[in-house]
Amino acid sequence: MFFGDAREIGKNTAFLYFRAAVTAMAGLFATRVVLRELGDAGYGMYCAVAGVAAVVFFVEGALFQTARRFLSCALSDGEDKDASGAFAATMGLALSVCAALAIIGETAGRWFVFTRLSLPQGSSGSVSLLVHLFIAANVMRLLTTPFEARVFASERMGYFWKVSLVEALALVTAALAVTIVPSRKPEAYAAFCLLVSVLRLSISAFYCKRKYGDVRFCPCVDFGRMRNQFGFFFWSVFYDLANILKYSAAGLLVNIYAGVEYSASWSVSRRVGVLMCEIALNFHNACFPGAVKLWASDHTDRYRAFTGWSFRFSAAIALVVAIPLLVFTERILGFWLGGELPPEAIMFTRCMVVHYLFDALAGPLTTAIVATGRIARYQFWMVTFAAAGFFLAWAVLACGLPAWIGVAAVALMNMMAFAYRFHYVVRDLDFVVSDFLSFKQWKARKRVVQG
């Protein structure tokens with residue numbers, strides 16, 4: 001069945017929007033409560049250590065992208081129909097990656113935290129425990145990836161809003177629990193978040209085991225298949241490396257050069273930017289399995305029409321959300337956080353909204369490229385643009401300019417990366433500009449999609 005059926009896409013998008021709404025409300029509430037309880041310094045310390053853990057475990061997105069692509073191909077009309085083998089290879093890859101990154105986190109990660117970060121005086125004991133808790137939580141999230149990718153490839157988006165509802169309630173409970181903890185609040189909140197990650201993994205594993213016969217906890221791995229997935233995963237890691245340079249590594253620069261209070265501003269601005277981006281990307285994510293299946297089934301005309309249609313729809317959603325955030329930034333932050341805002345939080349947030357706006361616009365273009373499997377050159381250039389933004393922000397902060405200018409530098413290079421994506425799909429994937437912009441062309445393509 002062709003996934004481009006509008007009713008199916010609409011239903012899956014609605015599920016993902018509900019998931020995003022629940023997750024966003026829980027995250028915004030938890031951030032407000034935890035920021036108030038921990039204070040700027042405590043919350044900044046928490047976010048700085050979490051940023052190091054995110055740098056170490058930056059491959060989560062690459063693992064999920066690899067898993068959902070190969071599982072979607074396995075469920076298409078293409079030559080690879082062995083979903084059991086694809087899932088086994090993905091799980092083997094996830095276990096290997098978790099083991100390697102846990103070792104790196106407990107060695108190099110700890111060294112970086114204690115030798116390079118700006119941390120409050122007398123916090124070494126708290127920071128050491130935070131490192132352990134963040135590593136454990138990231139391991140749980142990585143192990144969840146193959147299960148959620150299996151559900152995603154089956155286009156059962158209703159699962160995600162249900163599990164997100166449970167996760168959101170658990171997150172809110174964790175934030176409220178911090179208010180009654182008498183001491184060591186950052187460590188307590190990190191421990192509660194670890195329990196939330198364990199809960200999510202347990203639900204995902206139980207659901208997949210119950211629903212899909214190809215999901216096995218002790219699979220017999222085809223190492224040839226695993227090697228193929230590893231090749232795709234390796235180049236996908238470059239995309240996650242680009243995100244690390246744009247987000248976590250840039251956030252660490254803010255901590256090192258501007259201070260721990262500015263880490264709180266960075267975290268707040270990222271929370272707003274991620275929320276804005278996810279609203280647009282939920283529609284795109286609902287379309288992802290269909291785009292991959294169309295490519296795997298050699299329906300190239302429908303694949304191009306589908307990509308152009310999803311780009312226009314995602315762009316409309318992103319702009320509708322981003323413009324009010326840019327105009328009413330101060331009011332929105334004041335209503336959300338209450339009281340005095342962290343330093344430069346307004347300018348941080350505006351820069352981050354622009355940054356994530358181009359990420360939202362790029363979503364369908366990235367899917368079109370990933371579906372082909374030919375991602376080496378594309379990922380190389382994504383890392384190049386991200387590295388340019390990172391070093392530009394480094395230069396800005398090292399010169400003593402306001403911290404928000406460094407954030408703006410990262411956003412500028414993200415705009416350049418979007419321009420390259422657009423150029424890539426037109427030059428290498430035989431798209432034309434009218435596929436994305438022309439209404440008349442859209443009507444012709446729509447007939448192809450529905451046909």
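Residues numbered from 1 in each chain as written. Predicted model: local features only at pLDDT ≥ 70, side-chain atom pairs only at ≥ 80, totals over all residues. Heavy atoms only, no water.

The tally for this structure, following the rule as stated, stands at 8 salt bridges. Here E148 makes a salt bridge to R200, at a shortest N to O gap of 2.9 Å. In this pair, E148 sits in helix 4 (residues 124-153) while R200 sits in helix 6 (residues 185-211), placing the two residues 52 residues apart along the sequence. Looking at E148, the relative accessible area reads 6%, which means it is buried. For R200, the salt bridge goes to E167, with nearest N and O atoms at 3.5 Å. Within this pair, whereas R200 is found in helix 6, its partner E167 is found in helix 5 (residues 158-180), the two being separated by 33 residues in sequence. Beyond isolated ion pairs, a larger network of salt bridges with shared partners links R36, E37 and K185. (Salt bridge = Lys/Arg side-chain N within 4 Å of Asp/Glu carboxyl O. Helix = DSSP H or I, 4+ residues; strand = E, 2+ residues; numbered from the N terminus. Buried < 20%, exposed > 50% of the residue type's maximum accessible area, 1.4 Å probe, protein only.)

Turning to a positive patch on the surface, a few remarks are in order. Taken together, R156, K162, R210 and K211 make up a surface patch of like positive charges. Residue position: K211 is located in helix 6. K211 sits in the partly exposed class, given a relative accessible area of 40%. (Patch = residues over 30% accessible without salt bridge, like charges linked within 9 Å, V, L, I, M, F, W, Y side chains within 5 Å. Areas by Shrake-Rupley, 256 points an atom, 1.4 Å probe, with all protein chains shown as cover. Lys, Arg positive; Asp, Glu negative; His and termini not counted. Charge placed at Lys NZ, Arg CZ, Asp CG, Glu CD.)

It is worth spelling out the side chain of T90 at this point. By the element assignment, T90 lies in helix 3 (residues 83-116). We classify T90 as buried; its relative accessible area is 1%. Contact partners of T90, with chain neighbours within four places excluded, come to A67, P146 and Q229. (Contact = heavy atoms within 4.5 Å.)

A few words on the packing of aromatic side chains. A complete count under the given rule lists 27 aromatic pairs for this structure. Summarising the aromatic geometry, the rings of Y46 and F134 are spaced 5.1 Å apart at their centres and angled 70° between planes, so their arrangement reads as edge-to-face. Here F134 lies in helix 4 and Y46 lies in helix 1 (residues 6-56), a separation of 88 residues in the sequence. As far as burial versus exposure is concerned, Y46 and F134 are alike and both buried. Summarising the aromatic geometry, the rings of F390 and W394 are spaced 5.7 Å apart at their centres and angled 65° between planes, so their arrangement reads as edge-to-face. Separated by 4 residues within a single helix, F390 and W394 lie in helix 13 (residues 376-398), roughly one turn from each other. The class of F390 is buried, set by a relative accessible area of 12%. Taking relative accessible area as the criterion, W394 reaches 34% and is therefore assigned partly exposed. Through a chain of ring-to-ring contacts, the aromatic side chains of F64, F152, Y159, F160, Y207 and Y212 assemble into a single cluster. (Phe/Tyr/Trp six-rings, centres within 6.5 Å; stacked < 30°, edge-to-face > 60°.)

Positionally, A24 belongs in helix 1. Its relative accessible area of 14% is what places A24 among the buried residues.

Spanning 28 residues, helix 12 (residues 345-372) covers 40 Å between terminal C-alpha atoms, matching the ideal 40 Å at 1.5 Å per step. Where helix 12 bends most, the angle comes to about 40°, and this point is A362, followed within four residues by the proline P364. Within helix 12, 25 of the 28 residues are buried, leaving the element largely enclosed by the surrounding structure. (Expected span 1.5 Å × (residues − 1). Bend = angle between axes of the 7 residues up to and from the residue.)

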